[in-house]
Structures are given as C-alpha cells and as structure tokens.
Amino acid sequence: MKVLITGEVPAIATQIILKNGFEATSVPVRTVMPANELVAACKQHDALLTGVSDKIDAAFLQQCRHLKVIALYSAGYDRVDVAAANELKIPIGNTPGVLSNATADIAFLLILAVARKAFFLHNSIAKGQWKLPDPSVGLGIELKHKTLGIFGLGSIGLELARRCKGAYDMNIIYHNRGNNSTAEKELGARKVSFTELLEQSDILSVHSQLSNETRNLFNADAFNKMKAGAIFINTSRGAVHNEDDLMEALRSGKIWGAGLDVTNPEPMRPDNPLLNMPTVAVLPHIGSATKEAREGMARVAAENIVAGLKGQRLPQVVNPEVYMQS
Ligand code: DGY
C-alpha cells in the first residue's frame, strides 16, 4: 500500500512507513496543492500524511473516500470536516503531546515580551530611537504572583502553567469542559466559569481547538469583561479571537497587551497596526517549530499512518467515532 506525504516532513516519517513495508511518495511542497491536484495524487495512494495545511473538507473526503487513514502533521484539526470523515468512516490522526513544550515556550515568551514591551523596544532601536538613558521610557509590568488563566487546559496549557508557577509562583485558574486533575494536584489549579476566567486572569492564555463553540469567542463582550490591565495570549488559532475587538480593547487601554502566535488571516499583513503597538508581540505561527517537536510530530503522524493501513486503531485519533459500531 502507498502513502502520499505532502510538505517537508522530517525523514523519520518516511523511514517508519518504509520499515513497515509500505511505499511512500513525497511531494515536498511549501504551500497547499490545488484541491484537484491533491485529489488526483490521492487517487494513486491508500493513505495521506498531510504536512501542509491541505483542506480536508467534505468535497475532498467524498472524492477520496478510498483513503484508509489521513494523518495530520499538526495537533490542530480545524481544517478537517470531522463530521464528513465520520460519515465515511475515515480515521483522522493528529500529533498532540509532542509539541507541548515547544508551544508552551512560545506562550511563555510572548507573556514576557508583552509585559516588557520587548518586540516594540527592539524595533525602536532598529529605527534609531534609542536616545539617552531615560528612566521613564519602556516601563513594563512584573509577573510575580499574578493569576494565569488558561482557556483549554490540555498538555500545552499544563506546560505553560508549570513554567508560570515555577518562574513567578503564579496562581493558576482554568476553564475546560472536564477537570484537569494533574494541574489541580500539582499546581493547585482551580477550575472556574468562563466569566470568572475573564474577570480574574491577569494573563489569559488560549489553548483550545478552533471549533464552532470557540470561533470568535474572544470578542468585544469577552474583552470588556477581562480584568483591567490584563494580557491576552493566543497560541492556538487566530479565529478564536476577533482582531478588531482586540485592537479596540488595546487602544482603549482596557487590557495591557496581547501576544499572538496565530492571527486571522495568516499571514498577517505587514501594515497591520497591531505590529506597531508597544504592548503587542506577534509571531508567525511558530509554536511547534522546534527540531524536537517536528521530529516528534513526524513520528506520531507516521505511526498513525502505519496503524491505519494495518487496520488498527490510530494511536492519536481525532475521531474515535469511526471505531464505534453503527
Ligand atoms: C498545530 O500542530 O496545530 C500547530 O499549530 C501547527 O499547525
């Protein structure tokens, strides 16, 4: 059986696939292939390991219903029509866990960068604006004993909470559907309602999947309820926050600042006013961009492919519904 790999996925993925007796074709594209080309290529294969943001929508799935497994080279699965995949009984795999340290590091970096205006001050030096030492310039805020609020406390949020507890003895609160007993026992984290999360967090960090429930959730209403002077961090998906409303919350001084590794749309336009705000730090969606995380993601994606082709349950499955008897 043959596997199509799109994108520049580390070689370990192909090695695992070949070692298990399957064939692999790599298309090392840097951007998504036109939909018709992807469908045509998939028709020649039994499985797809998608290493770029290929849209796995209902039209694609209908035309590629022969695929035995689709493995994403990402933890996020908002580009997949999961309901359509369930209907067609196609298992979808993702890569959670292996990128948690890398992504938590980026969230932590953004918190500090926003608190101390680091990106803005760096740019001001490049613009020749560093004049005489002036104690009134560049004032930031400190993080010790602040309250970190996590929206969607999974493994990335847990790693961020560990960093914030260890470095700044922060008080941890979170909002989730279920309870995170590890965070509660280890860090004294407390589950709160969404409104309480908004009202009590000094730093509010988003780590949820993008879904119908979370799309545009951080809008004017949410920013208005946030604690005055808070920091908003998003390393999940840009569509979870409303950019115009965020801009207004920053301009009005309702919140202190924002750190974004994800924007809507991506890439962010270079003339976006957020890029010139002193208490804003933006990165180009690099949460999982470390050598270690990428290797881990390639390995997990390949293990998902191998399991799917062998007719076994995927080790990291997005839609366990496909294994339920109908
Ligand atoms: C993920 O794994 O979801 C990262 O955001 C890369 O897309």
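These numbers come from a predicted model, not from an experiment.

1. What to know about the site of the ligand
Consideration 1: In the vicinity of the ligand, the residues found are Ser74, Ala75, Gly76, Leu99, Arg237, His285 and Ser288.
Consideration 2: Note that an oxygen atom of the ligand is positioned 2.8 Å from one of the side-chain N or O atoms of Arg237.
Consideration 3: In this structure, an oxygen atom belonging to the ligand sits 2.7 Å away from a side-chain N or O atom of His285.
Consideration 4: Here the ligand loses 77% of its free accessible area of 230 Å² to cover by the protein chains.
Consideration 5: When its residues are assigned to classes, the shell around the ligand shows two nonpolar, four polar and one charged.

2. Let's talk about the packing of aromatic side chains
Consideration 1: Within this structure, the stated rule accounts for six aromatic pairs.
Consideration 2: Note on Phe218 and Phe232: the rings are 5.3 Å apart at their centroids and 45 degrees apart in plane angle, and the pair reads as tilted. Taken as a pair, Phe218 in the loop between strand 9 (203-206) and helix 10 (220-225) and Phe232 in strand 10 (residues 231-234) lie far apart in primary sequence, 14 residues in all. For the pair Phe218 and Phe232, a shared accessibility class is recorded, and that class is buried.
Consideration 3: Relative to Phe232, the ring of Phe223 lies with its centre 5.3 Å away and its plane at 85 degrees, an arrangement referred to as edge-to-face. The pair Phe223 / Phe232 is uniform in exposure class, with both members buried.
Consideration 4: Following the ring pairs from residue to residue traces out a cluster consisting of Phe151, Phe194, Phe218, Phe223 and Phe232.

3. Topic: helix 7 (residues 155-168)
Consideration 1: The first and last C-alpha atoms of helix 7 sit 20 Å apart over 14 residues, in line with the 20 Å expected at 1.5 Å per residue.
Consideration 2: For helix 7, the set of buried residues is Ile156, Gly157, Leu158, Glu159, Leu160, Ala161, Arg163, Cys164 and Tyr168.
Consideration 3: Contact partners of the buried residues in helix 7: helix 5 (100-115), strand 6 (147-151), strand 7 (171-175), helix 8 (181-187) and strand 9.

4. Concerning the domain arrangement of the protein
Consideration 1: For the protein, the assigned domains are domain 1 (2-96 + 291-323) and domain 2 (100-282).
Consideration 2: Facing five residues of domain 1, the contacting portion of domain 2 comprises four residues.
Consideration 3: Together, the buried faces of domain 1 and domain 2 total about 420 Å²; carbon and sulfur atoms form 48% of this surface.
Consideration 4: Run the count over domain 1 and domain 2 and you get one salt bridge.
Consideration 5: For the salt bridge of Asp78 with Arg237, the shortest nitrogen-to-oxygen distance reads 2.8 Å.
Consideration 6: Applying the counting criterion to the domain 1 and domain 2 interface returns three residue pairs in polar contact (both at pLDDT 80 or more).

5. Some details on the packing of helix 1 (residues 12-19) against helix 12 (residues 291-309)
Relative orientation and spacing of two packed helices are given, respectively, by the angle between their axes and the distance between those axes.
Consideration 1: Interhelical geometry of helix 1 versus helix 12 gives an angle of 25 degrees and a closest axis separation of 8 Å. Between helix 1 and helix 12, the angle is such that the two are roughly parallel. Taken as a pair, helix 1 and helix 12 cross one another with a handedness that is right-handed. Facing Ile12, Ala13, Ile16 and Ile17 of helix 1, the residues of helix 12 in contact are Glu295, Ala298, Arg299, Ala302, Ile305 and Val306.
Consideration 2: When the residues that make up the contact of helix 1 with helix 12 are grouped by side-chain class, the tally is eight nonpolar, no polar and two charged.

6. As for the pattern of salt bridges
Consideration 1: In this structure the tally under the stated criterion is 12 salt bridges.
Consideration 2: As a salt-bridge pair, Glu8 and Arg30 come within 3.1 Å of each other at their nearest N and O atoms. In this pair, Glu8 is assigned in the loop between strand 1 (2-6) and helix 1 and Arg30 in the loop between strand 2 (23-27) and helix 2 (35-43), connecting sequence segments 22 residues apart.
Consideration 3: Salt-bridge contacts for Arg163 lead to Glu159; the nearest nitrogen and oxygen are separated by 3.0 Å. Taken together, the residues Arg163 and Glu159, both in helix 7 and four residues apart, mark about one turn of the helix. Taken as a pair, Arg163 and Glu159 share a single burial class, namely buried.

Definitions and cut-offs
- Residues numbered from 1 in each chain as written.
- Predicted model: local features only at pLDDT ≥ 70, side-chain atom pairs only at ≥ 80, totals over all residues.
- Heavy atoms only, no water.
- Near = heavy atom within 4 Å.
- Polar contact = N/O pair within 3.5 Å; in protein donor to acceptor, adjacent residues only side chain to side chain.
- Areas by Shrake-Rupley, 256 points an atom, 1.4 Å probe, with all protein chains shown as cover.
- Nonpolar A, V, L, I, M, F, W, Y, C, P; charged D, E, K, R; others polar.
- Phe/Tyr/Trp six-rings, centres within 6.5 Å; stacked < 30°, edge-to-face > 60°.
- Helix = DSSP H or I, 4+ residues; strand = E, 2+ residues; numbered from the N terminus.
- Buried < 20%, exposed > 50% of the residue type's maximum accessible area, 1.4 Å probe, protein only.
- Expected span 1.5 Å × (residues − 1).
- Contact = heavy atoms within 4.5 Å.
- Domains from an automatic or database assignment.
- Buried area = accessible area lost by both parts, 1.4 Å probe.
- Salt bridge = Lys/Arg side-chain N within 4 Å of Asp/Glu carboxyl O.
- Axes fitted to C-alpha atoms, helices over the stretch in contact; angles between N-to-C directions.
- Parallel < 35°, antiparallel > 145°, perpendicular 65-115°, else oblique.
- Left-handed = near helix turned anticlockwise from the far one by under 90°.

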